[in-house]
Amino acid sequence: MTQPLIIIDSVTRQFAKTPDLAAKLANRLGAHFEPQVVHAVDSVSLEIGEGEVVGLVGESGCGKSTLGRIVAGIDNPTSGRILYRGEDVAKASGQRARHIALKVQMIFQDTLDSLNPRFRMGQTVREAAHFHKVVPNSELDAHIDNVLAQAGLDPRTKSRFAHQFSGGQRQRIGIARALAVNPELVVCDEAVASLDVSIQAQIINLFMDLRERLGLAYLFVSHDIGVVRHISDRVAVMYLGRIVEQGPTEALFADPNHPYTQALLREVPRLDNRHASFNPVSGEIPSPLSPPSGCHFHPRCPFAMDRCRIEPPALKEIAPGRKSACHLND
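Right, let's walk through the structure included here.

Scoring rules and cut-offs
- Residues numbered from 1 in each chain as written.
- Predicted model: local features only at pLDDT ≥ 70, side-chain atom pairs only at ≥ 80, totals over all residues.
- Heavy atoms only, no water.
- Helix = DSSP H or I, 4+ residues; strand = E, 2+ residues; numbered from the N terminus.
- Rg over C-alpha atoms; globule rule 2.2 N^0.38 Å.
- Buried < 20%, exposed > 50% of the residue type's maximum accessible area, 1.4 Å probe, protein only.
- Salt bridge = Lys/Arg side-chain N within 4 Å of Asp/Glu carboxyl O.
- Axes fitted to C-alpha atoms, helices over the stretch in contact; angles between N-to-C directions.
- Parallel < 35°, antiparallel > 145°, perpendicular 65-115°, else oblique.
- Left-handed = near helix turned anticlockwise from the far one by under 90°.
- Contact = heavy atoms within 4.5 Å.
- 1 Å grid on protein atoms, 1.4 Å probe; cavity = no way out; pocket = protein on both sides within 12 Å on 5 of 7 lines; lining within 4 Å.
- Points joined across faces, edges and corners; volume = space filled by probe spheres on them.
- Nonpolar A, V, L, I, M, F, W, Y, C, P; charged D, E, K, R; others polar.
- Pairing = 2+ DSSP bridges.

1. Some words on the overall build of the chain
A count of helices and strands for the chain gives 11 helices and 12 strands. A compact globule built from 330 residues should have a C-alpha radius of gyration of about 20 Å, and the chain, at 22 Å, falls within 12% of that. In terms of principal-axis extent, the alpha carbons of the chain reach across some 65 × 65 × 40 Å. Within the span of the chain, comprising 330 residues, buried residues form 45% of the whole.

Put into structure tokens, the structure is as follows:
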């Protein structure tokens, strides 16, 4: 087997809330308030191969966007490692660190806020390629025009500002900006969620076309299970900071193993099931400030046992290429 492009190795990310003035004063008076800690990502391990599309799904607030930002180098893990072609990203320095940073790019959900409103479109796409000297200066204009064409944009519109484009065109600008530095992996954080359905299809087809032509790999973060099924080779299901199941897309959709995955897929509308009544997953998502002990899903799981309330289940192989974190598999 070839070495994975990216290895996410036991990555954890916690955010400590800074105490406000009242809490600081109470601590000085001896109250000893403990700082609040958000457990956004909890010991996640995942691999992404060259040219592979890995879908990351889960309910809002489960930590999937935070994990995507860590993979893209925008945020740092509290513990654990990100490996690029077997090399620990955190230990790289100088030119090597810059090279690795360019090889993993991110496309954001908000097509307007992710673009500098004071930059013209050409400047937005050109900036990183120029700064990092991706191509010689004499070839830069041709390189940017080629990148814009690959993203489905007319190079003659380079002088326009972001607000002069539609939502779908702004997302193409974000794609072109990522392509300008010749990445190998693109993290797509809800990259089509804010677009009309017809535009979503165009952007998804563009992603697939770029994968075919450039050999790109994607970490596709989304809550839209239908889109993830269409675009992904493998799917990882995340719940309250943990990966609870992962495997090849068709195998996971045909026979979900984890109770949470089963509940998610049961609620996906289908044309052949139009008259069915849908029952959402019972209960509320626990707070990441105080996640449940043992299996995080046990307060909402209809199959929960005493063991589930005490012991966190390990993510173990249940079939070739498939893993699940559930005590029922024992």
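2. Overview of the pattern of salt bridges
Per the stated rule, a full pass over the model turns up 19 salt bridges. The partner of Arg300 in a salt bridge is Glu59, with the nearest N and O atoms 3.2 Å apart. One end of the pair, Arg300, is in the loop between helix 10 (259-266) and helix 11 (306-310); the other, Glu59, is in the loop between strand 3 (53-57) and helix 2 (64-71), with 241 residues separating them in the sequence. When its relative accessible area of 6% is taken as the criterion, Arg300 is described as buried. A salt bridge links Arg229 to Glu250, with the nearest nitrogen and oxygen atoms 3.3 Å apart. Of this pair, Arg229 sits in helix 8 (residues 225-231) while Glu250 sits in helix 9 (residues 249-254), placing them 21 residues apart in sequence. The exposure class of Arg229 is partly exposed, given its relative accessible area of 39%. By relative accessible area, which is 48% here, Glu250 ends up partly exposed. Salt bridges here are not isolated pairs; linked through shared partners, they connect Arg307, Glu311, Lys316 and Asp330.

3. Considerations on the packing of helix 6 (residues 167-179) against helix 7 (residues 197-214)
Running from N to C, helix 6 and helix 7 cross one another at 20 degrees; their axes reach a closest spacing of 10 Å. With respect to helix 7, the axis of helix 6 lies roughly parallel. In the packing of helix 6 onto helix 7, the handedness of the crossing is right-handed. Taken together, the residues of helix 7 that come into contact with helix 6 (itself represented by Gly168, Arg172, Ile175 and Leu179) are Ile199, Gln202, Ile203, Leu206, Phe207, Leu210 and Leu214.

4. Observations regarding empty space enclosed by the protein
Counted under the stated rule, the structure contains two cavities of 30 Å³ or more. For the largest cavity, the calculated volume is near 90 Å³. As for the largest cavity, its lining consists of 14 residues, of which Pro259, Cys295, Cys301, Cys308 and Cys326 are closest to the centre. Taken together, the residues of the lining of the largest cavity break down into 11 nonpolar, three polar and no charged. By volume, the second largest cavity is sized at about 40 Å³. Val57, Ile225, Val235, Val237, Leu252, Phe253, Thr261, Leu264 and Leu265 are the residues that line the second largest cavity. Secondary structure elements with two or more residues in the lining of the second largest cavity: strand 9 (234-239), helix 9 and helix 10. Looking at which element gives the most residues to the lining of the second largest cavity, the answer is helix 10, with three residues. The class makeup of the residues in the lining of the second largest cavity is eight nonpolar, one polar and no charged.

5. A word on the pairing of strand 10 (residues 242-248)
Extensive coverage of strand 10 is indicated by the burial of six of its seven residues. Between strand 9 and the antiparallel strand that follows it, strand 10, lie two residues; Leu240 among them carries a positive phi value of about 50 degrees. In this sheet, strand 12 (residues 322-324) lies alongside strand 10 in antiparallel orientation, the contact comprising two bridges. Its bridge partner lying in strand 12, Glu245 is registered against Ser324.

6. A closer look at helix 4 (residues 121-131)
Those residues of helix 4 that sit buried are Met121, Gly122, Thr124, Val125 and Ala129. Buried positions along helix 4 lie against helix 5 (137-150) and helix 6. The first or second residue beyond helix 4 is Lys133, which carries a positive phi of 50 degrees.

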